[in-house]
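Given next are the chains, with one letter for each unit.
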Amino acid sequence: MSKSLEIKGIDIGYKKINKEDYISLTDMAKYKNAEIPAHVISHWLSTKFAVEFLGIWEKTNKPQF
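A quick note: this is a predicted structure, and the numbers were derived from the prediction, not measured. For every chain, the first residue of the written sequence is number 1, and numbering continues from 1 along that sequence. In keeping with the model being predicted, local features are shown solely for residues with a pLDDT of at least 70 and side-chain atom pairs are shown and tallied solely at 80 or more, while totals for entire chains, interfaces and linings include all residues. Note: side-chain values were computed over all heavy atoms of the structure, leaving out hydrogens and water.

A. Summary view of the overall build of the protein. A run of H or I in DSSP becomes a helix once it reaches four residues, and a run of E becomes a strand once it reaches two; helices and strands are each numbered from the N terminus. Check the secondary structure of the protein and you find three helices and three strands. The helix and strand sequence of the protein, counted from the amino end, reads β-β-β-α-α-α. In terms of overall size, the protein is more extended than a compact globule, its C-alpha atoms giving a radius of gyration of 14 Å where 65 residues would be expected to give roughly 11 Å. Referenced to the eigenvectors of the C-alpha coordinate spread, the extents of the protein come out at roughly 40 × 30 × 15 Å. The buried label applies to any residue whose accessible area, calculated with a 1.4 Å probe on protein chains only, is under 20% of its type's maximum; exposed applies above 50%, and partly exposed to all values in between. Expressed as a percentage of its 65 residues, the buried residues of the protein come to 12%. Two things to know: the radius of gyration comes from C-alpha atoms, and the globule rule equals 2.2 Å times the number of residues to the power 0.38.

B. A look at the sheet that holds strand β2 (residues 10-17). Two strands qualify as a pair provided that DSSP identifies no fewer than 2 bridges between them. The strand order across the open sheet formed by three strands is β1-β2-β3, and the pairing between neighbours is antiparallel. Each having just a single partner strand, β1 (2-7) and β3 (20-23) make up the two edges of the open sheet. Averaged over all neighbouring strand pairs, the angle between strand axes comes to 35 degrees, with direction disregarded. Where β2 meets β3, four bridges bridge the pair, whose relative direction is antiparallel. Each bridged residue has a counterpart across the sheet, and for K15 the counterpart in β3 is Y22. Axis lines are fitted to C-alpha atoms, over the contacting stretch for helices. Their N-to-C directions set the angle, which ranges from 0 to 180 degrees.

C. Structural view of the environment of I17. Take I17: it is sitting in strand β2. Since its relative accessible area comes to 38%, I17 is described here as partly exposed. Separated by 34 residues in the primary sequence, I17 and V51 have C-alpha atoms spaced 25 Å apart.

D. Structural detail: a nonpolar patch on the surface. A patch consists of residues exposed above 30% relative accessible area that lack any salt bridge, with like charges linked at up to 9 Å and nonpolar side chains (Val, Leu, Ile, Met, Phe, Trp, Tyr) linked at up to 5 Å. All accessible areas in this document rest on Shrake-Rupley with a 1.4 Å probe, and a residue is counted as covered only by the protein chains that are shown. Just to be clear on terms, a salt bridge is a Lys or Arg side-chain nitrogen sitting within 4 Å of an Asp or Glu carboxyl oxygen. Judged by side-chain polarity, I23, L25, M28, W44, L45, F53, L54 and W57 come together as a nonpolar surface patch covering roughly 790 Å² of accessible area. Among the elements of the structure, α1 (25-29), α2 (37-45) and α3 (48-61) are those that each provide at least two residues to the nonpolar patch. If one sorts the elements of the nonpolar patch by residue count, α3 sits on top with three residues. Tracing the chain through its elements places I23 in strand β3.

Structure below.
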């Protein structure tokens, strides 16, 4: 079951799967660019910080990484 929160006038969807909450990055990106949120996500993923975060997440959650 999907639910949503209203934050700064934008509905942000989230879903619980196996007791974990997942939020919609697309909905969050609509705050910056309502017409083309994919551009915002593309920019987020291309930053050095995103790559570092993903590496840390993988090492933390998948020790064999």
